[in-house]
Structures are given as structure tokens and as C-alpha cells.
Amino acid sequence: MIQSFMQIISGRFRGKRLTPLCDKTTRPTTNRVRENIFNLVSAKVRGAVVLDLFGGTGAFSAECLSRGAKSVIVNDIDSHAVAIIKQNTALCKTHDISILNMDYIDALNKLKLKGYVFDLVFLDPPYETDFGLSAINFLVKNDMLAQNAIIAFETGQNIIYIEEFDIRSRKYGRAWVHILARKPAKA
């Protein structure tokens, strides 16, 4: 299903239209699913350092900027997607965003070297891959998540258990959305 339009749902830039990415390799998250995800993570956005690792259209990043995130890093390997991300985040007229155009592992390595720690992470990789779980493992192993970090992970399958997180899952059509809340460190 192709959406007729995408827009920022809430915050300073509410209602601003976003440019869709119309190609066969990108599956944009619908406004409805994105709104439901933000209903689950909204308390984490204001003042957060955010990573949108598989950026697609940049809709999650633009939404975070609109809702008061401190800074956003968005990455996509596809240069056409990065051009759309630049258009969509320019609508927010902000300088709190960094846009990367590389493989997700290269992006994570670059961010690790710069010492980034994230409060909120969005993962919406291609469904038929293990990229999302690989990214979660990388973030945990390299201490790139704040103590109370949340990961919003959209995938085509249900996740049963990841040791470091409490997980809430919801199904929207073909999509599963998993909200992973980092468990407190054991004493």
C-alpha cells in the first residue's frame, strides 16, 4: 500500500508534509504505525540523543526534531534515500541533525569511535535481514545505550526475548513493532 502523503504528527512542525520515497527497496512506515510508535516512546524524545539507523525517508528523525530531541543522527545506505532524508529534515529548519550515508555497521563503528551514547534508537531494517538484531547486539556490546535507553524496532517477525531488555510487542498488518526498554543494571 502506498501512502498518499506523509506528515509530521506532533510537535513544533506538526502537519508539515514529508517527501515520500517511492522505490521498490524501501518500505516506509505508515503515519498510523509511526504515530503508535511515538505514543509508546514519546516520554523519551524531548532532550534525547536519537539514532535512526535505517533512515528511509527520515520521517522518524523529523518527528523527533519536531518533538524536541536534543540531537538526531540518521543513516541510510541508499544515496537516494539520503537525498529524501535531507529534504524532509530541512523542513524542520534545524541544525540538530547529522546525516550519514553508509552501511549500518560502518555507521555504528563511526559513532562508537566518536563516543556516542543514545537515549532512543529507531531500527527499521529490511525485514528479510538480521540487521536489526545485529545492530542491537552492537549497541549493547559497545555500551552505546544510555541507562534508560529505548529501542523501537520494526520487523516482519515477532521477537521472543532479548536478555538486556523488557520488550513490548504490537502487530500492525505485516509489521511487528517491538519497544525494547533497557533493564536496570544488576548490582
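Rules behind the numbers
- Residues numbered from 1 in each chain as written.
- Predicted model: local features only at pLDDT ≥ 70, side-chain atom pairs only at ≥ 80, totals over all residues.
- Heavy atoms only, no water.
- Axes fitted to C-alpha atoms, helices over the stretch in contact; angles between N-to-C directions.
- Helix = DSSP H or I, 4+ residues; strand = E, 2+ residues; numbered from the N terminus.
- Parallel < 35°, antiparallel > 145°, perpendicular 65-115°, else oblique.
- Left-handed = near helix turned anticlockwise from the far one by under 90°.
- Contact = heavy atoms within 4.5 Å.
- Nonpolar A, V, L, I, M, F, W, Y, C, P; charged D, E, K, R; others polar.
- Pairing = 2+ DSSP bridges.
- Buried < 20%, exposed > 50% of the residue type's maximum accessible area, 1.4 Å probe, protein only.
- Salt bridge = Lys/Arg side-chain N within 4 Å of Asp/Glu carboxyl O.
- Phe/Tyr/Trp six-rings, centres within 6.5 Å; stacked < 30°, edge-to-face > 60°.

Trainee: Tell me about the packing of helix H4 (residues 104-113) against helix H5 (residues 131-141), residues and numbers included.
Mentor: Direction vectors running N to C along H4 and H5 enclose 15°, while the axes themselves pass 11 Å from each other. In terms of orientation, H4 and H5 fall into the roughly parallel class. In this structure, H4 meets H5 at a crossing whose hand is right-handed. Taking contact as the criterion, the partners of Tyr104, Ile105, Leu108, Asn109 and Lys112 in H4 are, on H5, Phe131, Ser134, Ala135, Phe138 and Leu139. Partitioning the contact of H4 with H5 into residue classes produces seven nonpolar, two polar and one charged.

Trainee: Describe in detail the pairing of strand S8 (residues 165-172), supporting the description with residues and values.
Mentor: For S8 and strand S9 (residues 175-182), the ladder comprises eight bridges, and the chain directions are antiparallel. Of the residues in S9, the one forming a bridge with Phe165 is Arg182.

Trainee: Requested: an account of unusual backbone geometry, with residues and values cited.
Mentor: Located in the positive-phi region is Asp143, a residue other than glycine, with phi close to 50°. For Asp143, a relative accessible area of 56% translates into the label exposed.

Trainee: Describe in detail the pairing of strand S7 (residues 145-155), supporting the description with residues and values.
Mentor: Among the eleven residues that make up S7, nine are buried, leaving the element largely enclosed by the rest of the structure. Two strands pair when backbone bridges link them, and S7 and S9 are joined in this way by six bridges, in the antiparallel orientation. The partner of Ala152 across the bridge, within S9, is Ile179.

Trainee: If you had to explain the pattern of salt bridges to someone new, which residues and values would you point to?
Mentor: Evaluation of the coordinates by the stated rule reveals one salt bridge. Arg67 is the salt-bridge partner of Glu63, the closest N and O atoms lying 2.8 Å from each other. Take Glu63 and Arg67: they sit in the same class, and that class is buried.

Trainee: Please give an account of the packing of aromatic side chains that cites residues and values.
Mentor: The full count for this structure, using the stated rule, is seven aromatic pairs. Seen in terms of ring centroids, Phe38 and Phe122 are 5.4 Å apart; in terms of plane orientation they differ by 40°. Their pairing is tilted. In this pair, Phe38 is assigned in helix H1 (residues 31-45) and Phe122 in strand S6 (residues 118-123), connecting sequence segments 84 residues apart. For the pair Phe38 and Phe122, a shared accessibility class is recorded, and that class is buried. In this structure an aromatic cluster arises from ring pairing among Phe38, Phe60 and Phe122.

These figures come from the coordinates and say nothing about function on their own.
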